[in-house]
Amino acid sequence: MIKDEYCLVWEDSFDREGMPDPEKWNCVVSGGGFGNHELQFYTAEPENVCVEGGKLRITARKQERDGHAYTSAKLTTAGKADWQYGKVQVRAKLPKGKGSWPAIWMMPNDCRGDADWPLCGEIDIMEHVGWDQNRVHATIHSGLYNHRRKTQRSSSVVLEDVSGVFHDYELEWTPEAMRFRYDGAEIACFYREEPGFETGKTGWPFDKPFYLILNVAVGGDWGGEVEAEALPFTMEVESVRVFQKKV
C-alpha cells in the first residue's frame, strides 16, 4: 500500500494498442554488446515491442540484424521522465529459457556510457537470468561497489513462477536508503550510512535524477549460453507507476 505521504506522479497502464506511447517511452535502436557481450540488436519493430490487450510486450527473437543473431527491444524514459527519490512499481511477467535476461532498472541522466559507468551509479530493480529460473535480483552499482569488482550491493529471492504469473517489483528510494520489495515483501534494504560502506559519491552516487529502463537481453556475461529453441523470450508489463512524497 502507498502511504498518504506519497502521490502518483507518472504512470503507464498500457491502455493503447500498437507501439508504446512515444510521449513516455524511447525505443533504443542499437547493438554492440552493451558492456556485457550481449547478443541482441535492439529494434523499434512491432515484432520486438508492442502493446496488446493492456500489456506491454518486449520480445527477443532469433533473427539476424546488423551482425547480431538476435533482436529484442529496450525502452527508456530518458529525456521524457526522470525522478530523484520516490517509489517505482512495475508489474511484470518474465520470459523463460536459458539465455534470457530481462531487466527493470534505472540510470542517471549524467551517464554517458562506459566512460562514466560505474561512477555514475545504476539501480537494478529486478533482473532475472533464465539459467536460474525464478530467482530475481535487486542490485545497486557505484564506483566502489559494482559487479566488475565483485563488490556490488545485491540481494535475491526465489519467487513462485515468475514466468507464468505477474509479480510486483518495487523500489522505494530515499536519501537514506533503497528498499526493494517484491509482491509487497521487502527483500533488500541498502542504507547509505551502513557501517563499512563509503558514503561519498564513489559509494553512493544516487542523489540525482534517474530514468527508467525496461529490456530483454540475450546471452552475455550473465545471461550465459542461449537455448535457441526456447526463443522467443517475452517480458510482459501490465503497469508502471511512480510515486513521490508530497512537498
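Residues numbered from 1 in each chain as written. Predicted model: local features only at pLDDT ≥ 70, side-chain atom pairs only at ≥ 80, totals over all residues. Heavy atoms only, no water.

A. Up close: the overall build of the protein. Assigned secondary structure in the protein consists of one helix and 17 strands. A compact globule built from 247 residues should have a C-alpha radius of gyration of about 18 Å, and the protein, at 17 Å, falls within 12% of that. Along the three orthogonal principal directions, the C-alpha set of the protein runs to about 45 × 40 × 35 Å. Within the protein, the fraction of its 247 residues that count as buried is 51%. Expressed as a percentage of contacts within the protein between residues at least 6 apart in sequence, the contacts between residues at least 24 apart total 70%. Taken as a whole, the protein presents about 11100 Å² of accessible surface, with 47% of it coming from carbon and sulfur. The positive charge centre, built from 29 side chains, and the negative charge centre, built from 40, are 2 Å apart in the protein. (Helix = DSSP H or I, 4+ residues; strand = E, 2+ residues; numbered from the N terminus. Rg over C-alpha atoms; globule rule 2.2 N^0.38 Å. Buried < 20%, exposed > 50% of the residue type's maximum accessible area, 1.4 Å probe, protein only. Contact = heavy atoms within 4.5 Å. Areas by Shrake-Rupley, 256 points an atom, 1.4 Å probe, with all protein chains shown as cover. Lys, Arg positive; Asp, Glu negative; His and termini not counted. Charge placed at Lys NZ, Arg CZ, Asp CG, Glu CD.)

B. Quick peek at the sheet that holds strand β9 (residues 100-108). Spatially, β2-β7-β16-β9-β10-β11-β12 is the arrangement adopted by the seven strands of the open sheet, whose pairing is antiparallel. The open sheet has two edge strands, β2 (26-27) and β12 (153-158), and neither has a second partner. In the sheet, β9 pairs with strand β16 (residues 210-218) via nine bridges, with the strands oriented antiparallel. Paired with P102 across the two strands is V216, which belongs to β16. (Pairing = 2+ DSSP bridges.)

C. View of the packing of aromatic side chains. Summed over the entire model, instances satisfying the criterion amount to twelve aromatic pairs. Three or more aromatic residues link up through ring pairs in this structure, and these residues are Y85, W173, W204, F206 and F210. We note K24 situated over the ring of W10; from NZ or CZ to the ring centre the distance is 5.9 Å. Of note, R153 hangs over the ring of F197, and the distance from its end group to the ring centre comes to 3.9 Å. (Phe/Tyr/Trp six-rings, centres within 6.5 Å; stacked < 30°, edge-to-face > 60°. Lys NZ or Arg CZ within 6 Å of the ring centre and 35° of its normal.)

D. Representation of the pairing of strand β11 (residues 135-141) in the model. With six of seven residues buried, β11 lies mostly within the body of the structure. Pairing analysis gives four bridges linking strand β10 (residues 122-127) to β11, with the strands arranged antiparallel. Across the sheet, residue I123 finds its bridge partner in β11, namely I140.

E. A look at the pattern of salt bridges. Counting across every chain of the model gives 17 salt bridges. Salt-bridge contacts for R148 lead to D114; the nearest nitrogen and oxygen are separated by 3.9 Å. You can see R148 sitting in the loop between β11 and β12 and its partner D114 sitting in the loop between β9 and β10, a full 34 residues away along the chain. Judged by relative accessible area, which is 47%, R148 ranks as partly exposed. Under the relative-accessibility criterion, D114 is labelled exposed at 54%. A salt bridge links E194 to R153; the nearest nitrogen and oxygen atoms lie 2.8 Å apart. (Salt bridge = Lys/Arg side-chain N within 4 Å of Asp/Glu carboxyl O.)

F. Molecular detail of the nonpolar core. Ranked by size, the top nonpolar core spans 50 residues in total, and within it M106, I123, Y169 and F180 carry the most contacts. When neighbours within four sequence positions are excluded, M106 is seen to be in contact with W83, V88, E122, I123, I125, L171, W173, F210, Y211 and L212. Counting eight residues, the second-largest nonpolar core is a separate cluster that includes W105, M107, W117 and Y211. (Core = buried A, V, L, I, M, F, W, Y, C linked by side-chain atoms within 4.5 Å.)

Bear in mind that shape data such as this cannot, by itself, settle questions of function.
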